[in-house]
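One-letter residues, chain by chain:
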Amino acid sequence: MALNISRPRTEHPTPDGDTARRLLDSSAQLSYDPLTEVDWETPLDKGFHGASPEWSTLYGTAYWNEMTEAQRKALTRQEAASVASTGIWFEMILQQMVLRDIYAKDPTSDTFQWALTEIADECRHSIMFARGAKKLEAPAYRPHRIAVELGRLFKTVAFGEAAYAAILVAEEVLDVMQRDWMRDERVVPFVRTINNIHVVEESRHMKFARDETRRHLARAGRVRRQIQSLLIAVAAYVIVTSMVNRKVYANAGLDEDRAIREAKANEHHKSMMRSSCSGLMEFLTSVGLLTKPALFFYQRANLI
């Protein structure tokens, strides 16, 4: 993928509040209650995958070819649960960053009220993901301790464009894969419903994150852009490399060491990740956040 990382195009930020008002109206017209929309009562049907098999970290490897169909389905269920658990972890970071951004601001403004609406969405999503992972019969997958502590640091120091662009990075990657999962009849129906809810509601969050990133960058100088672009890239690397916990393989009945080796070398999965981020990378380029130092971390995470 050829990208121009030298100079950002001129961006014209959306007037403060205009986007927020439209998003509030959209939220009022189309939002979901996972407690009633998702079928939590029907027992798990193990004849289904938990995610589109093409998104599995082992798809296309020699190990995948040796696995039975039941093993493949068990693995994708564990992988889907791990992605959901990582989503919960990041959504908790997201909520704290957004709350900090609007602290002591005008509560009567549309922007303030949209931010609270977004936080309410994320709370519901986290509960939905938690219940979904439990129904997939997965344990509580947690990121590595180093990732947890880096997340704790990031949500404390990140501000402005770094906070909103990091939100966008995490949500863009999830959005592409979940659009595939929600349409795939091989995926267990309740997971497809969860993915559909998340895709619809996160599309509003991503719109707001893009506009807020542009708005904050409008007053950012070169040094600030360099620092923030690197911070966002490191955050992206930590988030993406934490999505699938190494324990999913053992919990699916596989040889953990062999699975990890083959997953790390899996060119198909790397290609899927890169394709999921093409639009994101174009956006980061357009606002001057795809610098050479940042590019190193995106390449390490197989996002470009």
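In this numbering scheme, every chain counts its residues from 1 along its sequence in written order. Totals for whole chains, interfaces and linings use all residues, but because this is a predicted model, local features are given only for residues with pLDDT of at least 70 and pairs of side-chain atoms are given and counted only at 80 or more. Processing note: side-chain calculations cover all non-hydrogen atoms of the structure and skip hydrogens and water entirely.

Chemist: Account for the packing of aromatic side chains, naming residues and giving values.
Modeler: Two aromatic rings from Phe, Tyr or Trp, using only the six-membered ring of Trp, form a pair when their centres are within 6.5 Å; if the ring planes differ by under 30 degrees the pair is stacked, by over 60 it is edge-to-face, and anything between is tilted. Taken as a whole and judged by the stated rule, the model has 6 aromatic pairs. Ring geometry for Trp114 against Phe208: centres 6.3 Å apart, planes inclined by 65°, an arrangement best described as edge-to-face. In this pair, Trp114 sits in helix α5 (residues 110–135) while Phe208 sits in helix α8 (residues 189–217), placing the two residues 94 residues apart along the sequence. The exposure classification of Trp114 matches that of Phe208, with both residues buried. Judged by centre distance (6.3 Å) and plane angle (70°), the ring pair of Tyr237 and Phe297 falls under edge-to-face. Note that Tyr237 is positioned in helix α9 (residues 222–241) and Phe297 in helix α14 (residues 292–300), a separation of 60 residues in sequence. Think of it in three bands: with a 1.4 Å probe and only protein chains considered, a residue is buried below 20% of the maximum accessible area for its type, exposed above 50%, and partly exposed in between. Here Tyr237 falls in the partly exposed class, since its relative accessible area comes to 25%. What links up through ring pairs into an aromatic cluster is the set Trp114, Tyr164 and Phe208. Helix numbering and strand numbering both begin at the N terminus, where a helix is a DSSP run of H or I of at least 4 residues and a strand a DSSP run of E of at least 2.

Chemist: Please provide a residue-by-residue account of the packing of helix α1 (residues 18–29) against α8, values included.
Modeler: Any two packed helices are characterised by the angle at which their axes cross and by the distance between the axes. Direction vectors running N to C along α1 and α8 enclose 175°, while the axes themselves pass 10 Å from each other. By the criterion of interaxial angle, the relationship of α1 to α8 is roughly antiparallel. Taken together, the residues of α8 that come into contact with α1 (itself represented by Thr19, Arg22, Leu23, Ser26 and Ser27) are Arg204, Lys207, Phe208 and Asp211. Only the stretch in contact is used when a helix axis is fitted, and all axes are lines through C-alpha atoms; the angle between N-to-C directions ranges over 0 to 180 degrees. An angle below 35 degrees is read as roughly parallel, one above 145 as roughly antiparallel, one from 65 to 115 as roughly perpendicular, and any other as oblique. It only takes one pair of heavy atoms within 4.5 Å for two residues to be counted as in contact.

Chemist: Outline unusual backbone geometry, listing residues and values.
Modeler: Positioned with a positive phi, Ala104 is a non-glycine residue whose angle comes to about 65°. Locating Ala104 in the fold gives a position in the loop between α4 (69–102) and α5. Exposure remark for Ala104: the relative accessible area of 71% places this residue in the exposed category. Of note, the phi angle at Asn302 is positive, near 60°, even though the residue is not glycine. If you trace the backbone, Asn302 turns up in the segment after α14. Taking relative accessible area as the criterion, Asn302 reaches 24% and is therefore assigned partly exposed.

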